[in-house]
Each structure stands twice: as C-alpha cells, then as structure tokens.
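Coordinate inspection notes
The lines below spell out each chain.
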Amino acid sequence: MTMAPASVDPSVMRRTMGRFATGVAVITTEFEGEPHGMTVNSLTSVSLDPPLLLVCFTHGARSSDAVIAAGRFAVNVLSSRQEAIAMRFAKRGEDHFAGLGLEYDGHRVPVVPRALAHLDCDVERVLDAGDHTVVFGAVRDVCSREGDPLGFFRGQFSSIVPHDSEPEHWFF
Ligand SMILES: Cc1cc2nc3c(=O)[nH]c(=O)nc-3n(C[C@H](O)[C@H](O)[C@H](O)COP(=O)(O)O)c2cc1C
C-alpha cells in the first residue's frame, strides 16, 4: 500500500487521538506453551453479525507475532481496579506473566482473572497499516461481569462513570 507523506507529526497524532477516551484491555494468547499478553486501547468493535472486532498492534510487539501464529486470542476488558495489570502488561521486554497465577478459558487461552469481560476470538484476518498490524478477531465466545471500567484519556488512566441522568441504554 502506498501512503501519502504524513503532514501530521506522530506525536501530534498521538496527543490528538488521546482526546478520544477509551477503555483498556489486555490481549492474551498462548503459543508453543508460552503465554503472551499485552495492554491495548486500540480495541474496536467492527461487526455484530458476524461478531468481529479488531486490535492494532505496533510493529515489533512480541504479542502480535504470538497472536497471529496461535491463530486465536482473548480480549480481557479491564476493570477500574486493574490499573496495575494494565501497567504490568505494557512493560516492554518483561515477562508479563511472572508471578501471576495463570487461569485458562475454555479455549486453552490464558485469561486475566476478574476482568470485566472476556471475548474469545479466532484470528479472522491480518492487515498491515502504516506502523501497525491490524488483527481482526472472529468472536467465538464471551462472558462479562458487573463493575466499573478502567479508562484511558490524554495518555493517562482515568475513570469512566456512567451518567446517572441517562434514561436508557443506547445500543447500536
Ligand atoms: C493504556 C495503554 C494502551 C496501549 N495500547 C496499545 C495498542 O493498542 N497497541 C499496541 O501495539 N500497544 C499498545 N500499548 C503498548 C503495549 O502495551 C506495550 O508496548 C507492550 O509492552 C507490548 O508488549 P509485547 O511487545 O511484549 O507484546 C498500550 C499501552 C498502554 C499503557
């Protein structure tokens, strides 16, 4: 794919997109007996029928190679109490699972205990886009629990509080 020369500086792009508040998730997988996981906020729901989502991995992220090689992964949506987990899985070059008791889902993928939601995915397609690899996941199984989400805004963890005044849930 040929790209037009960038006129927006990467740091400006990062800072500007940082105004778009997101949740935080850890992507986990297992390849050749080794667990892998990394913190992301590029998670996006793509399609409801069939259920598809995507995650963008920066080039060189160890976990993206493992996800693609394994062909499956889990999305663990973090709760407001799991900031330490988000930090742990964002440290480059570390053994992200050191000292953590491993739990597995029904598809033999390691999962983060007490996450707000788990979505089990098969890798549906992989696209190269700029300095990232976009991995689409076909969602095979889900579960969720009540709790407050961990947010990310302007480069910092934040809280996301539902508006009490909202009369109904808006689902699209
Ligand atoms: C809140 C937050 C969100 C992040 N989102 C992403 C993301 O969407 N994609 C990405 O490639 N890295 C993201 N990172 C950085 C990775 O978590 C970090 O580079 C990690 O160490 C990569 O691990 P690995 O190379 O072992 O796979 C994020 C970090 C934080 C703290």
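Parameters at a glance
Residue indices follow the written sequence of each chain, beginning from 1 at its first position. The predicted origin of the model limits local features to residues at a pLDDT of at least 70 and limits the giving and counting of side-chain atom pairs to 80 or more, whereas totals for whole chains, interfaces and linings rest on all residues. Side-chain calculation: all heavy atoms of the structure are included, whereas hydrogens and water are not. UniProt positions are given in the numbering used here, feature names are shortened, and annotations may be inferred rather than shown by experiment. We count a stretch as a helix when DSSP gives it H or I for four or more residues in a row; a strand needs E for two or more, and each element gets its number in order from the N terminus. Being near a molecule or strand, for a residue, comes down to having at least one heavy atom within 4 Å of it. For the purposes of these results, a polar contact is taken to be a pair of N or O atoms within 3.5 Å, where, inside protein, one atom must be able to donate a hydrogen and its partner to accept one; residues adjacent in sequence count only when each atom of the pair is a side-chain atom. The Shrake-Rupley method, run with a 1.4 Å probe sphere, supplies the accessible areas, and residue values consider only the shown protein chains as cover.

Per an unreviewed UniProt entry, the protein carries the name Flavin reductase and comes from Nocardia panacis.

Annotation from UniProt places "domain: Flavin reductase like" (unreviewed entry) at residues 17–159. As annotated, residues 17–159 has a helix share of 11% and a strand share of 51%, and its two end C-alpha atoms lie 18 Å apart.

Let us now look at the site of the ligand. Taken together, 18 residues surround the ligand, and among them Thr-39, Ser-42, Thr-58, Arg-62 and Ser-63 come closest. Arg-62 is positioned with one of its side-chain polar atoms (N or O) 2.6 Å from an oxygen atom of the ligand. A distance of 3.0 Å separates an oxygen atom of the ligand from a polar backbone atom of Ala-90. Relative to its unbound accessible surface of 650 Å², the ligand loses 86% to contact with the protein. Contributing elements (two or more residues each) for the shell around the ligand: strand E3 (34–40), strand E5 (51–58) and helix H2 (62–70).

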